Amino acid sequence: MQAFESITEMGHEQVVFCHDKATGLKAIIAIHDTTLGPALGGTRMWDYANSDAALFDVLRLSRGMTYKAACAGLNLGGGKAVIIGDAKKMKSEALFRAFGRFVNSLGGRYITAEDVNIGVSDIEQVAAETNYVTGVTSRPGGSGDPSPVTAWGVFFGIKATVKQRLGKDSLRGLKVAVQGIGNVGSHLCEYLHQEGAQLIVSDIDQEKLKLMASKYSAKIVEGPAIYSTECDVFAPCALGAIINDETIPMFKFSVIAGGANNQLLDENKHGKILKDKNILYAPDYVINAGGLINVYNELRGYNAEVARKQAEGIYKTLLTVYSEADRLAISTLAASNAVAERRINTVKAVTGFKHTYDNQSWIRR
Ligand code: NAD
């Protein structure tokens, strides 16, 4: 991969290659866009086949964070970091502290958090070297597990999508199929049940399914049967890439609204097919922004109620996205990208070239 060509094509401001000989740390920090605020995004640890694959991943993920924050109305830019290596073998306090020093060297342009293979205890070690960290539980005001707020935002996103597609204000009596009863899916089931929705659930973990059946009278379906279930709403809350050439022909629902990341195998192709089939798709990064909203609130002094209230704003954001999709006759994902880009460009015009935020004011001491 030609590094500068890729960075230029994807519009990144800064990409930092980090190497520490003593610990073997090899990491890449990508700052995509800081027009709206400091670039926030988690650190992922992965045994990439080569440095090109790591660079491609961090460029793609950090750009995604720019769009997510912009659409959610947050004053945050997009960033992400990857540490290259086997998380089972390479983790050490020294490695994470070395990484923390690189994060600190960016002076707050990039703020990190947990991501795939990086847990709270790892981030605590990063935080020994830098304040530019979120998701740290040992400091006062930590926001803790984001899943309840993510699920709360997904719940309001489902309500918005149902309002738009089915013209209903309530989910009472509607059949909602939830794929994945993990951190997000289990909270979502609780909120849906409270609203009076009928639940259909699928997971690879039978214990989780039994719990949903006993608590919420949920109907259990096995494996791929979830894709052909007769229901009003499909809420993917497990895996990515589950909307693809194989699954779309099975769909019998007209609303897809769930918390999983990267639901479309091919964003352009499958986004368009859903549009043509009149299936309303809630763009994943818009509907699952509750987790980011939660850590954003940590930066401002965490209050769980404020974070939940802000996550409810996903309802209005999605209605804006749907009206934009109708107006321009484009897929909902293309519309959310347009909404995000418009906000960034508007703020860019106001602030002249780039942001004028004071880095230090973002960080709790
Ligand atoms: P999780 O690991 O707690 O839950 C995932 C669940 O999916 C598990 O119960 C797992 O058994 C199940 N699962 C795995 N393979 C499956 C399959 N083939 N069929 C059905 N179920 C299967 O993860 P989570 O934190 O709940 O996150 C779920 C999704 O939401 C992920 O895509 C994640 O990236 C996204 N997300 C999560 C948050 C958050 O706050 N946790 C925020 C934004 C996005």
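Scoring rules and cut-offs
Residues numbered from 1 in each chain as written. Predicted model: local features only at pLDDT ≥ 70, side-chain atom pairs only at ≥ 80, totals over all residues. Heavy atoms only, no water. Pairing = 2+ DSSP bridges. Helix = DSSP H or I, 4+ residues; strand = E, 2+ residues; numbered from the N terminus. Buried < 20%, exposed > 50% of the residue type's maximum accessible area, 1.4 Å probe, protein only. Axes fitted to C-alpha atoms, helices over the stretch in contact; angles between N-to-C directions. Parallel < 35°, antiparallel > 145°, perpendicular 65-115°, else oblique. Left-handed = near helix turned anticlockwise from the far one by under 90°. Contact = heavy atoms within 4.5 Å. Nonpolar A, V, L, I, M, F, W, Y, C, P; charged D, E, K, R; others polar.

J.: Before we go on, may I ask you to explain the sheet that holds strand β9 (residues 219–220) in this structure?
T.: In sheet architecture, strand pairing relies on hydrogen bonds along the backbone and comes in two forms, parallel and antiparallel. Overall, parallel pairing links the six strands, which are arranged β9-β8-β7-β10-β11-β12 in an open sheet. Because the sheet does not close on itself, it has two edges, and the strands there are β9 and β12 (280–281). Here strand β8 (residues 198–202) runs beside β9; their pairing, made up of two bridges, is parallel. Residue Val 201 lies in a different strand from β9, and its bridge partner there is Ile 220.

J.: Even after reading the chapter, I still don't get the pairing of strand β2 (residues 25–33), so can you show me in this structure?
T.: Looking along a regular strand, one sees the side chains alternate between the two faces of the sheet. Counted residue by residue, β2 has eight buried out of nine residues, so it is predominantly covered. Across seven bridges, the pairing between strand β1 (residues 14–20) and β2 is antiparallel. Across the sheet, the residue bridging to Cys 18 is Ala 27, located in β2. Pairing analysis gives six bridges linking β2 to strand β5 (residues 77–84), with the strands arranged antiparallel.

J.: Would you mind showing me how to read the packing of helix α1 (residues 3–10) against helix α2 (residues 51–71) here?
T.: When two helices pack together, their arrangement is given by the angle between the helix axes and by the axis-to-axis distance. With their axes 11 Å apart at the nearest point, α1 and α2 run at an angle of 15 degrees to one another. Classified by the angle between their axes, α1 and α2 sit roughly parallel to one another. In this structure, the crossing between α1 and α2 has a hand that is right-handed. On the side of α1, the interface is formed by Ala 3, Ser 6, Ile 7 and Met 10, while α2 contributes Leu 55, Leu 59, Arg 60 and Arg 63. Partitioning the contact of α1 with α2 into residue classes produces five nonpolar, one polar and two charged.

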